[in-house]
Amino acid sequence: MITATATKKETKNYLNAESGLKSWLLTQDHKRIAILYLIAVTAFFIVGGLMAVLIRLELATPAGDLLDSNTYNKVFTMHGVVMIFFFLIPSIPAILGNFLLPLMIGAKDLAFPRINLLSWYVYMLGGCFGVFVLITGGVDTGWTFYTPFSTTYSNGYVVMTAMAAFINGFSSILTGLNFIVTVHRMRAPGLTWFRLPLFVWAHYATSVIMILGTPVIAVTLFLLMLERGLHIGFFDPAYGGDPVLFQHLFWFYSHPAVYIMILPSMGVISEVVSTFCSKKPFGYTFIAFSSVAIAVFGFLVWGHHLYVSSQSAYAGMVFSILSYIVAIPSAIKIFNWAATMFKGSVRLETPMLYALGFMGLFTVGGLTGLFLAAMGLDVHLTDTYFVVAHFHYVMVGGAIMGYMAGIHFWWPKMTGRMYPEVWSKVAAGLTFIGFNLTFFPQFILGYMGMPRRYHVYPPEFQVFNVLSSAGASILGLGYLIPGIYLIWSLKYGKLAGPNPWGATGLEWQTASPPPTENFEITPVVTTEAYEYTPQILAMIDSSPTQTTKEVTHVG
Amino acid sequence: MANEPAVALHEAGHTGAHAHPGYGEVRHHFESYAQQKDASTIGMWVFLLTELMFFGGMFMAYFVYRQWYPDAFASASLKTNLWLGAFNTTVLICSSLTMAMAVHSASTGKRLLLVGFLIATLVLGSAFLGVKAYEYHDKWVHHEIPGEHYECEGCVDAGHTSLFFALYFGMTGLHASHMIIGAFILLVLIWQSYKGKFSAKWYTPIELFGLYWHFVDIVWIFLFPLLYLIDRSGKGGIH
Ligand SMILES: [Cu+2]
C-alpha cells in the first residue's frame, strides 16, 4: 500500500474503499459508523417530527377534534421518547463526534472500533423496541415515566418503552467510554490538552456525563421494570415505596442529560464561530473549562424539577442556587463567542447563520431556565407551556441549531461535496423564523396558565396556538429543504477541496472525504489550536464560497 | 510503561492488524503495543466507574428507605440466612485470591498454573451462584418475594418490609447477573489460556478481567453487611 501511486491515493476514500452492504454493516471505521448513525438518527428524527405534526394539528383548535385524549397522550409521549433518547442524545456525539474526534486529534480511529460498532447495534436494538411500541399501540406516560402512574395505572407498553431507553443508554455509555479513552490516549504527537479543538473538549465533558449519568437512569428504569412487570415494588406507595425517590433518580440523570444534548452543540458553535471569523476563539481556556464546569455542576441541580414534588424548601433553595451557578459557564461561552465575533470580519456562510441562531435562541432558552429555577416563580410556571417553550428553546433552538450548523459545516468533509448555498441559507432563515413563531407564543401561553399535555384548551388560548401551529409548518419546511438538497448534493454538489472554509483543524488537512486511515502520515502538531496562518487567510480571500472581501482584519 | 518496547509504526496507509512475537496483536489504529495496553486499561477503569454508578442508584434507594424504616429493615434482614451469606462471602473472597493468583501466573508465563487458577475461580464463582439460587428458592417457598403472594411473618412494620426484599432481590440479582456474565467470560479465558494465547509479555485480557472480577467481589463485600447483618447483634441475635 505504501507503493500505491499518488493518483490512486487521491481517489480512494472511506466511502469507496469497500463496497457492498456487508462492508457497511460490519465496518469498524469510525467514519462509516458515523454514517450509519446519521441514517438511523435521521429516521428517528422523522418519526419524532411526525408526532410533533400530529400534536400541532390537534392543538390548532381548542376542541379535541383530531385525536382523542388517550391517543394524544401516546403521541406526545412518543414524540418525547423518540426525540430525546433516539435523536438528541446520539445526534451530535454519535454522528459528528464519531466522525470527527479521531480526525481532529490526528488518530486513525477511536480507541475501540469494535465497541464503536457495537454501540450502533445496541442503539438499533433499543430502536427496535421503540418502534415495536410505536406500532403496537404506544405508551402514555410522558417521556418522564413518573411513578406510580407508569407502574400501576398506565395502560401502554411501559416495560417495552423503558427497555428501549434502557438498552439505548448502553449505546451512549459505550460511545462515552470510547471518546474518553480516545482523547486520553490517541492524540497525535505534540497535540497537548490545551491545543485540542474546543469541539473535543465539549465531547470530553459530554462523555463524562454519559458514563456517570447514564448508568443511573439505567438502574432506575430497571427498578421501574421490576415494579411494573413483576410487582417488586420500589416507588409505589401501595408497596410502601415513595414515588418522589423515582423523580430524584430520574432527574439525577435527566438533568445532566440535557447537557449531553447541548454541550456537543456548543462544541460545534466554537468551531464554526472561530472559522467564519478567522480568529482564535476569545478565551479558549475559559470555553474549554466551562464545558467541564457544566458537566460537574450539571450533576448537582436535579432538584429544580421537584419544587412542587414535596421536596423540602431548604433542599429547594440549595438546588435553586446551584441552578443559577450552572448558568455561569453557559454564559461564559456566549460572551466568548460574541467577543470572538467582535471586530472580526464575519463570513455569513450557512453554518455561521445557524450558529448565530443558536446564540440567540440558546440565550433565550437559558434565561427562561433561570425563571424556572426560581422556586417561587416555578410554582406558577410548573407544568405549563412555559416549560415546554423553555425546553424547546434549549433543545431545538440550541441543540438542533448546533446540529444543523455542524452538519452543514462538515458536510463537505464527510461527503466531499458542497451543498447549494442559496437554498441552505433559505433553510437556515426559515428554521429561525419558524422556530420562533412556534415556540415564542408558548411562553405567553404558559405564563397565562395553559397547562401542558392536554389535547383540549379554553378558546381564549387559540390565537397563540394557531400561531404556534403555523410556525411549526414553517419550521418543518426548514428541516425538509436541507433533507432534500443534502441528498441532492451527494451527486450534483460542487466538489469540495480539503479545506473549503479556511479552517485550521487537523480534519481539514486531509482529503475530503478522508481516506480510511484518515491521514497519509500521522500528523505532528507544532502550533496552538486555531492558528490562522497567512496561507489560510489568503486561501479564504480567493475562495469562491466567501460572501465578503474583508477578511484581513484578524485580531 | 518503561518495560514496553517502543514498537512505533508509522507506515503510511497501513491497514490490518499486525503481530509481534509474544505480544499478541497490535490493532492497526494503535502506534504501539504500549499505547494499546494503556487504552484497554483506561477503558476498563472507565467501565468500572460506570458500573459503580449503576449499582450506586440502588445503594441510594437502600440508604433512603433504611433511614426511613429502620425497624422494618432490621426485622426483614433477620429473615436472610446468615450462614449461607457468610459462606458465600468467604467463597467470593477466595475466588478473588485465585483470580489474583491467575493474573500472577499469567505475568510469570506459567500456562498450566494460569489455567488451574482460572478454573478454581470459575468453580468458586459457580458455588456462589449455586448457594444464591438455593437462597432465592428458599425465599420463594416462604413467600418472601415481593408481589402478590408476599408475606413477612412476625415482622415489625410489615408494610415496609417488602421494600427490603425488593432491594434484596434487585441488588443481589444485579450482582448475580454480573457473576454469570463473568463466569461465561472465564470459560472463554480458560479455553484461550489452555490454547496458549497469553504469554508473560501479553496477558491484558486476564489482567482486565481480574479488575472486573475484583469489582464484582467488592460490591458483594458491601452487600453482605447491608443486607444480612443489620440487626444481628440486637434482639435478633445470630440464628
Ligand atoms: Cu433540569
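Refer to the preceding data block for the structure.
None of the values given here were measured: they were computed from a predicted structure.

Digging into the overall build of chain B
- Across its full length, chain B holds six helices and two strands.
- In sequence order, chain B lays out its α and β elements as β-β-α-α-α-α-α-α.
- The buried share of chain B, reckoned over its 239 residues, is 52%.
- Contacts in chain B between residues at least 24 apart in sequence constitute 76% of all its contacts with a sequence separation of at least 6.

Examining the layout of surface pockets
- Considered as a void within the structure, the second largest pocket measures approximately 1500 Å³ in volume.
- As for the second largest pocket, its lining consists of 39 residues, and the residues nearest its centre are I115 of chain A together with M44, F47, I185 and L208 of chain B.
- Those elements giving two or more residues to the lining of the second largest pocket turn out to be helix 5 (113–136), helix 7 (158–185) and helix 8 (198–230) of chain A together with helix 1 (33–68), helix 5 (158–194) and helix 6 (204–228) of chain B.
- It is helix 1 of chain B that contributes the most residues to the lining of the second largest pocket, ten residues altogether.
- When residues are assigned to domains, the lining of the second largest pocket turns out to be shared by domain 1 (1–30) and domain 2 (37–228) of chain B, each giving three or more.

Points about the pattern of salt bridges
- Applying the stated criterion across every chain yields a total of eight salt bridges over all chains.
- Between E31 of chain B and K108 of chain A there is a salt bridge; the shortest N-O distance is 3.4 Å. Linking E31 of chain B in the loop between strand 2 (25–26) and helix 1 with K108 of chain A in the loop between helix 4 (69–104) and helix 5, this pair reaches from one chain into another.
- Ionic pairing is found between K425 of chain A and E421 of chain A, a salt bridge with its closest N-O pair at 3.2 Å. Here the residue K425 of chain A and the residue E421 of chain A both occupy positions in helix 15 (residues 421–448), the gap between them amounting to four residues, near one helical turn.

Things to note about the coordination of the copper ion
Residues and elements named next belong to chain A.
- The protein atoms that coordinate the copper ion are H255 (ND1), H304 (NE2) and H305 (NE2), at distances of 1.8 to 2.0 Å.
- Motif for the copper ion, donor spacing along one chain: H-x48-H-H. Placement of H255 in helix 9 (residues 243–277) and of H305 in the loop between helix 10 (284–297) and helix 11 (313–341) is noted, with a sequence separation of 50 residues between them.
- Residue classification places H305 among the partly exposed residues on the basis of a relative accessible area of 28%.

What about the interface of chain B and chain A?
- Listed as interface residues are 43 residues of chain B and, on the opposing side, 44 residues of chain A.
- Summing the contributions of chain B and of chain A, the shared interface buries around 3600 Å²; its carbon and sulfur component is 68%.
- The largest contributions to the chain B side of the interface with chain A come from H29, M53 and F54 of chain B, which together make up 16% of the buried area.
- Joining chain B to chain A, the criterion identifies two salt bridges.
- Across the pair R185 of chain A and D38 of chain B runs a salt bridge, and its minimum N-O distance is 2.5 Å.
- One can count ten residue pairs in polar contact (both at pLDDT 80 or more) joining chain B with chain A.
- Of all the elements in the fold, those that place two or more residues in the side of chain B that touches chain A are helix 1 and helix 5 of chain B.

A closer look at the packing of helix 14 (residues 385–415) of chain A against helix 16 (residues 462–492) of chain A
Residues and elements named next belong to chain A.
- Contact geometry of helix 14 with helix 16 gives a least axis separation of 12 Å together with a crossing angle of 10 degrees. By the criterion of interaxial angle, the relationship of helix 14 to helix 16 is roughly parallel. Within the contact between the two elements, helix 14 uses V396, I400, M404, I407, H408, W411 and T415 and helix 16 uses Y479, P482, Y485, L486, S489 and L490.

Here's the deal with unusual backbone geometry
Residues and elements named next belong to chain A.
- For the bond running from T147 to P148, omega is -5 degrees, close enough to zero to count as cis.
- Secondary-structure assignment places P148 in the loop between helix 5 and helix 6 (149–153).
- The omega torsion of the bond from S512 to P513 falls at -10 degrees, within 30 degrees of zero and hence cis.
- The topology assignment puts P513 in the loop between helix 16 and helix 17 (534–542).
- Look at R453: it is not a glycine, yet its phi comes out positive at around 70 degrees.
- Its place among the elements puts R453 in the loop between helix 15 and helix 16.
- Owing to a relative accessible area of 27%, R453 belongs among the partly exposed residues under this scheme.

How each quantity is defined
By convention here, each chain's residues receive numbers from 1 onward along its written sequence. For this description, chains carry letters from A and ligands carry numbers from 1, given in the order in which they are written. A pLDDT threshold of at least 70 governs which residues receive local features in this predicted model, and a stricter bar of 80 or more applies before side-chain atom pairs are shown or counted, although totals over entire chains, interfaces and linings include all residues. Excluding hydrogens and water, the side-chain values take into account all heavy atoms of the structure. Strands here are runs of E lasting at least two residues and helices are runs of H or I lasting at least four, both read from the DSSP assignment and numbered beginning at the N terminus. Working definition: with a 1.4 Å probe on protein chains only, accessible area under 20% of the residue-type maximum means buried, over 50% means exposed, and in between means partly exposed. Residues count as neighbours in contact if any of their non-hydrogen atoms are within 4.5 Å of one another. Residues are said to line a cavity or pocket when one of their atoms sits within 4 Å of a point; the points come from a 1 Å grid over protein atoms alone, cavities being sets where a 1.4 Å probe fits but cannot get out and pockets being open sets with protein on both sides within 12 Å along at least five of seven lines. Grid points are joined across faces, edges and corners, and a volume is the space filled by probe spheres set on the points. Segmentation into domains, and thus their bounds, comes from an automatic or database assignment. Just to be clear on terms, a salt bridge is a Lys or Arg side-chain nitrogen sitting within 4 Å of an Asp or Glu carboxyl oxygen. Only N, O and S atoms count as donors, using a 2.8 Å limit from the metal and a wider 3.2 Å limit for Na, K and Ca, and since water is excluded some coordination spheres may look unfilled. Once two parts are brought into contact, the accessible area they lose, counted with a 1.4 Å probe and summed over both, makes up the buried area. Within 3.5 Å is the distance limit for a polar contact, defined as a pair of N or O atoms, with the added protein rule that one can donate a hydrogen and the other accept it, and that residues adjacent in sequence qualify only through two side-chain atoms. Orientation is described by lines fitted to C-alpha atoms, with helices fitted over the stretch in contact, and by angles between N-to-C directions that extend from 0 to 180 degrees. When describing relative orientation, an angle under 35 degrees is termed roughly parallel and one over 145 degrees roughly antiparallel, while 65 to 115 degrees is termed roughly perpendicular and anything else oblique.

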